[in-house]
Each structure stands twice: as structure tokens, then as C-alpha cells.
Amino acid sequence: MKWTKEAETAIRKVPFFVRKRVKARVEDEARESGAGEVTLEEVNRTRARFLNKMEDEVAGFQVEACFGDGGCPRQACGSKSLQEKVRTYLEAQDIRGFLEERVRGKLKFHHELRVAFADCPNACSQPQIRDICIIGAMVPDVTETPCTQCGACVTACAEGAVALSESGPALDMSACLVCGRCVKVCKPGTLAGFRKGFRVLLGGRLGRHPRLAMELPGIYDEEAAFEIVRHCVAFYKARSTGGERFSKLFTEADFHEVVVRFRDRSLIAAGGSRAAG
Ligand code: SF4
Ligand code: SF4
Ligand code: SF4
């Protein structure tokens, strides 16, 4: 949707932690009213309504995603179907109602459970600072198809994880980020990405005590990743007696318990990749 210059300037002044939501709301409302362009008046009206009734806008959880499904050529494994499952599940879990029963005082956005998806390791949606982070992965394999020695895979790999010799490519899985770029540029199919799935990282946050999410070893298919999400939500509901964030409650010991519980579900054997060690 088109925005006037004044409207764009006004939206940049909305506090950053609600800017995305206000922007989406302005566009929805402009669309509903049949407007072809967002004006300053619409931004001011929506911003006032949103900020005056902030507590009503707290959904209880946020699910964010990158633009992988919008046709991004970097997409390693699409997460659309998993996103929908997770959204439906969190709605059914009534996280907002759960928070209302536990939080003393007003509900704020920082109480919300945050899940973020990125469809490749570029991680444009910044998932590593969310409670639950899911990153699409494509694991490269060397097939029997002869290599033409074109070198495209070596050039494509930003991690220096592909070495080329007369006998063909060799992959250093300790350096590989499972982005699948080498597979995409290999025209003959010497490199193939038969195993697609998701890396799962847990317990990230910003704020006064920031922490990057901790990565589970391995790559998980949609079903296993969804089970990990459900396990984390059950953990959160059992432990968050005062509305504390998942990442505040989730310790390294809890992380290792999840590692053990789900390690047999990984698509990659231990030691098979950087993520499986
Ligand atoms: S995270 Fe990867 S797939 Fe998603 S938008 Fe960024 S580059 Fe594209
Ligand atoms: S999948 Fe691994 S080896 Fe291939 S380009 Fe990505 S990081 Fe490099
Ligand atoms: S891109 Fe494929 S064909 Fe080209 S050097 Fe790499 S493995 Fe060989």
C-alpha cells in the first residue's frame, strides 16, 4: 500500500516496540475504508487509538516471520505451514487469558511469548532474540552425479565449507550453516539437499539482561519442531506463576533437558553437522 510522505514520517515517530503493529493496523484500516493511500490523518487516528488502549492490544504472544515465502531466493526451508500450526496452537492455548490471571497490574507487550521464524540462516526476522526461534535449513549431500568442476559451490559458500578437488566437492559440516546455497548453484546435481528441516533455538531475549537463544543440536522436521514448541509452551505455563517471560525461566539445565528429550528426533546423526555436535 502507498503512503504519503507525511504519513511515513509520522509512523517513524511511533515507539519502535509497537511500530510494526501500528503500521499493520493503519494499512488494514485504510484498506477496509477503501483508501488507496495511507495519509497522515489515518496514521494519527490509529496511533492515538492504539496507544490509548495499549493493554487491549496485547495479544499474549507474537509470531513473526521473515519474507521467505514472499519469494526470497535464499529460502532454505519454508516454514509457512509450521507457522500456521504454531499460531493456531498458541491461540488455542489462550496465552492472553493465562497472562491476565498471573500478571499483577496492566498487561504489557513485554509479557508476550515471542516466537520467530526465519527461512534461512540469514535470520532477517532476528529470531535469536525471541523465546522460541526456528530457522529453516537445507542439509547438503554429495551425490553420485559427476562434478563438472565449475567451482560455483565454492564461490557460493560464505562459510568456506566446500573444498573442491579432482574427485569432486567435500563438505566441512563443522563449518556448514545448512543454508543450501551450494545445492542451489550446483547445476548437475552433484550437491543435493535431500534433508530439509528446521534448526530450533530457545530462550533468547533483549532487555536489561539480553541473551541469545541456545541452539538444540540437529535439524528437526516440522512435526518434531512443533512438538518442541508445544513442550516449551507447557514448560512456560507450568513455571510462569507471575507472568515471567519464557526466556527468563528457561535455564541451561532446562535447555539440556530438552536436548536429551528430543535428540533422537534430529534428522542428522550426532556429529553429522555443526548443529548436531
Ligand atoms: S531469513 Fe533468509 S529466507 Fe528469510 S527473508 Fe531473510 S534471506 Fe530470505
Ligand atoms: S549449505 Fe553449508 S556448505 Fe553449502 S553453502 Fe551453505 S554453509 Fe556452505
Ligand atoms: S557446483 Fe556442483 S558441479 Fe560445480 S564444482 Fe560444485 S559440486 Fe561440482
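Residues numbered from 1 in each chain as written. Chains lettered and ligands numbered in written order. Predicted model: local features only at pLDDT ≥ 70, side-chain atom pairs only at ≥ 80, totals over all residues.

Per an unreviewed UniProt entry, the protein chain carries the name Nitrite and sulphite reductase 4Fe-4S domain-containing protein and comes from Desulfoluna spongiiphila.

**Considerations on the overall build of the protein chain**
On a plain count of helices and strands, the protein chain comes out with 11 helices and 9 strands. Taken over the C-alpha atoms alone, the protein chain extends approximately 65 × 45 × 30 Å along its principal axes. Counting only residues that meet the buried cut, the protein chain has 36% of its 277 residues in that class. For the protein chain, long-range pairs separated by at least 24 residues make up 69% of all intrachain contacts whose partners lie at least 6 apart in sequence. (Helix = DSSP H or I, 4+ residues; strand = E, 2+ residues; numbered from the N terminus. Buried ≥ 20, exposed ≤ 12 C-beta atoms within 10 Å, placed from the backbone. Contact = placed C-beta atoms within 7 Å.)

**A word on the site of ligand 3**
The environment of ligand 3 is formed by 14 residues, the closest being Cys-147, Cys-150, Cys-153, Cys-186 and Thr-190. Residue classes in the shell around ligand 3 are distributed as 10 nonpolar, 4 polar and no charged. (Near = placed C-beta within 6 Å. Nonpolar A, V, L, I, M, F, W, Y, C, P; charged D, E, K, R; others polar.)

**Quick look at the site of ligand 2**
Looking at ligand 2, there are 14 residues lining it, with Cys-157, Ala-161, Cys-176, Cys-179 and Cys-182 nearest. Tallied by class, the residues present in the shell around ligand 2 amount to 11 nonpolar, 1 polar and 2 charged.

**Observations regarding helix H9 (residues 222-239)**
Along its 18 residues, H9 runs 26 Å from first to last C-alpha, staying within 8% of the 26 Å computed at 1.5 Å per residue. The complete set of buried residues in H9 reads Ala-224, Ala-225, Ile-228, Val-229, Cys-232, Val-233 and Tyr-236. (Expected span 1.5 Å × (residues − 1).)

**Focus on the confidence of the model for the protein chain**
Across the protein chain, the average pLDDT comes to 91, with 97% of residues at 70 or higher. Of the regions scoring below 50 in pLDDT, residues 271-277 engages in 26 contacts with residues more than four places distant in sequence or in other chains. (pLDDT = per-residue confidence, 0-100.)

**Concerning the domain arrangement of the protein chain**
According to the domain assignment, the protein chain contains domain 1 (1-57), domain 2 (60-138 + 195-276) and domain 3 (139-194). Summarising the inter-unit geometry, the C-alpha centres of domain 1 and domain 2 are found 29 Å apart. (Domains from an automatic or database assignment.)

**Here's the deal with the pairing of strand E8 (residues 191-202)**
On a regular strand, one side chain projects to one face of the sheet and the next to the other, so that they alternate. Sheet topology note: the strand E5 (residues 132-142)/E8 ladder contains 10 bridges and is antiparallel. Paired with Val-142 across the two strands is Leu-191, which belongs to E8. Looking at chain direction, E8 and strand E9 (residues 214-215) are connected through 2 bridges and run antiparallel. Bridging across to E9, Leu-202 finds its partner in Met-214. (Pairing = 2+ DSSP bridges.)

**Observations concerning the nonpolar core**
Among the nonpolar cores identified, the biggest contains 57 residues, and Ile-134, Ala-137, Val-178, Phe-198, Val-200, Leu-202 and Ala-225 are the most heavily contacted of them. Looking at this core, the elements with two or more residues in it are strand E3 (61-65), helix H5 (80-92), helix H6 (95-102), strand E4 (113-118), E5, helix H8 (181-185), E8 and H9. When residues of this core are assigned to domains, at least three fall in each of domain 2 (60-138 + 195-276) and domain 3 (139-194). Among residues more than four places away in sequence, those in contact with Val-200 are Ile-134, Leu-216, Tyr-220, Ala-225 and Ile-228. (Core = buried A, V, L, I, M, F, W, Y, C linked by C-beta atoms within 7 Å.)

**Considerations on unusual backbone geometry**
In this structure, Ala-123 is a non-glycine residue whose phi angle is positive, near 55°. Within the secondary structure, Ala-123 is located in the loop between E4 and E5. Its identity as a non-glycine residue notwithstanding, Val-178 has a phi of 50°, on the positive side. As for its position among the elements, Val-178 is in the loop between strand E7 (168-171) and H8. Residue classification places Val-178 among the buried residues on the basis of 27 C-beta atoms within 10 Å.

**What to know about the sheet that holds E3**
Spatially, the 5 strands line up as an open sheet ordered E3-E4-E5-E8-E9, and their pairing is mixed. Each edge of the open sheet carries a strand with a single partner, namely E3 and E9. When E4 meets E5, the two strands line up parallel, connected through 4 bridges. The residue of E5 that forms the bridge with Phe-117 is Ile-134. Contacts from H5 reach E3, E4 and E5, with the element oriented near 175° to E3. (Axes fitted to C-alpha atoms, helices over the stretch in contact; angles between N-to-C directions.)

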